[in-house]
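Results of the structural survey
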Amino acid sequence: MRVITGKAKGHRLKAPKGLGTRPMLDRVKEALFSVLEGYGPIRGSVLDLYAGTGSLGIECLSRGADSADFVERNAHVCSIIADNLRHTRFEQQGHIYHMPVDRFLHRQRDIGRYDIIIMDPPYADPTIEATMQLVASSGVGKEGSLLIVGHSPRVELDDDYPGLHRIKFRRLGDSCFSIYELTSMNTSETQQ
């Protein structure tokens, strides 16, 4: 696993052994960032949920993002993210939150800070749609922010959820990603 391009191009990233962490494959990551850069240069603040090794947030930093916050519930995996940030020299731009994703989203409610939000949860995560809706309703992003969701082809996501509209879907073998744009939520949607 490596950083594909940008300031840290070619840097190899550490990954935990046998802990069930499943980093996005390099070819899927390449396809994702090729699509993302079609929407313009990667800038601003990034939120990497279910961060695992931190490779997706680090790739954003390498390509020009100003900062990245990484949310991971496993303490050992958090230490690997810290090692990867040091190795790529992004430790000043990255901040690691050791906690469950839902707790982080509730704590950061209405900050409207993130331009790109990435979630690559465990493949068969039954809460994937609920977490997506929590991202939209929590106000961590703003109108026009992008939510990238890595998922299995067996997980069928809708094109629209309250506050989210899918603008791209791509399948590569046994991996998929969907890109949603955050839209404004009216009061009746928020109360549902």
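Refer to the preceding data block for the structure.
Residues numbered from 1 in each chain as written. Predicted model: local features only at pLDDT ≥ 70, side-chain atom pairs only at ≥ 80, totals over all residues. Heavy atoms only, no water.

What follows concerns the layout of surface pockets. Each pocket or cavity is described by its volume, and for the second largest pocket that value is around 200 Å³. As for the second largest pocket, its lining consists of 14 residues, and the residues nearest its centre are Tyr39, Pro41, Asp115, Ile116 and Leu146. Counting residues per element, the ones that place at least two in the lining of the second largest pocket are β4 (114-119) and β5 (141-151). Here the lining of the second largest pocket takes five residues from β5, the largest share from any one element. In the lining of the second largest pocket, the residues fall into six nonpolar, four polar and four charged. (1 Å grid on protein atoms, 1.4 Å probe; cavity = no way out; pocket = protein on both sides within 12 Å on 5 of 7 lines; lining within 4 Å. Points joined across faces, edges and corners; volume = space filled by probe spheres on them. Helix = DSSP H or I, 4+ residues; strand = E, 2+ residues; numbered from the N terminus. Nonpolar A, V, L, I, M, F, W, Y, C, P; charged D, E, K, R; others polar.)

On to the nonpolar core, then. By size, the foremost hydrophobic cluster in this structure holds 29 residues, and its most contacted members are Leu32, Leu36, Phe70, Phe177 and Ile179. Of all the secondary structure elements, the ones that give two or more residues to this core are α1 (26-37), α2 (55-62), β2 (67-72), α3 (75-87), β4, β5 and β8 (175-182). The leading source of residues in this core is α1, at six residues. In contact with Phe177, other than residues within four places in its own chain, are Val28, Ala31, Leu32, Val35, Val149, Gly150, His151, Lys168, Phe169, Arg170 and Leu172. (Core = buried A, V, L, I, M, F, W, Y, C linked by side-chain atoms within 4.5 Å. Buried < 20%, exposed > 50% of the residue type's maximum accessible area, 1.4 Å probe, protein only. Contact = heavy atoms within 4.5 Å.)

A separate point is the pairing of strand β1 (residues 45-49). For β1, the tally of buried residues reaches five of five residues, placing the bulk of the element in the interior. The two faces of β1 match: Ser45, Leu47 and Leu49 on one face and Val46 and Asp48 on the other face are all buried. Of the pairings in the sheet, the one linking β1 to β2 comprises five bridges and is parallel in character. Along β2, the bridge assignment pairs Ser45 with Ser67. Crossover β1 to β2 through α2 is right-handed. (Pairing = 2+ DSSP bridges. Right-handed = clockwise from strand over helix to strand, strands pointing away.)

Topologically, His151 is positioned in strand β5. At 2.9 Å, the side chain of His151 and the side chain of Ser178 are in polar contact. (Polar contact = N/O pair within 3.5 Å; in protein donor to acceptor, adjacent residues only side chain to side chain.)

Another point: the sheet that holds β8. Pairing within the open sheet is mixed, and its eight strands lie in the order β3-β2-β1-β4-β5-β8-β7-β6. With one partner strand each, in any of the chains shown, β3 (94-98) and β6 (160-161) form the two edges of the open sheet. Strands in contact with α3 are β2 and β3; relative to β3, the strand with the most contacts, it is inclined by about 175°. Contacts from helix α5 (residues 128-138) reach β1, β4, β5, β6, β7 (164-172) and β8, with the element oriented near 165° to β5. (Axes fitted to C-alpha atoms, helices over the stretch in contact; angles between N-to-C directions.)

The next subject is α5. Within an α-helix, residues lying three or four positions from one another point in the same direction, as the helix has 3.6 residues per turn. Taken residue by residue, α5 has Ile128, Thr131, Met132, Leu134, Val135, Ala136 and Ser138 as its buried positions. Gly139 occupies a position one or two residues after α5 and carries a positive phi of about 75°.

The next subject is unusual backbone geometry. When glycine is set aside, most residues are seen to have a negative phi, and most peptide bonds are trans. One non-glycine residue, Tyr50, adopts positive backbone phi at about 55°. Among the secondary structure elements, Tyr50 is positioned in the loop between β1 and α2. A positive phi angle is found at Asp110, which is not glycine, with a value near 65°.

What follows concerns the pattern of salt bridges. If you walk through the whole model with that rule in mind, you get 10 salt bridges. Arg63 is paired through a salt bridge with Glu59; the nearest N and O atoms lie 2.7 Å apart. The partner of Arg86 in a salt bridge is Asp83, and the shortest N-O contact between them spans 2.4 Å. Residue Arg86 and its partner Asp83 are both found in helix α3; the two are separated by three residues, about one turn of the helix. On the basis of relative accessibility, which here comes to 47%, the residue Arg86 falls in the partly exposed class. It is possible to trace a salt-bridge network through shared partners that takes in Lys29, Glu37, Glu59 and Arg63. (Salt bridge = Lys/Arg side-chain N within 4 Å of Asp/Glu carboxyl O.)

Before going further, it helps to examine α2. Burial analysis of α2 places eight of its eight residues in the buried class, the great majority of the element. Among the residues of α2, those classed as buried are Ser55, Leu56, Gly57, Ile58, Glu59, Cys60, Leu61 and Ser62. As for α2, its buried residues are in contact with α1, β1, β2, α3 and β4. One or two steps after α2, the chain reaches Gly64, where phi turns positive at roughly 125°.

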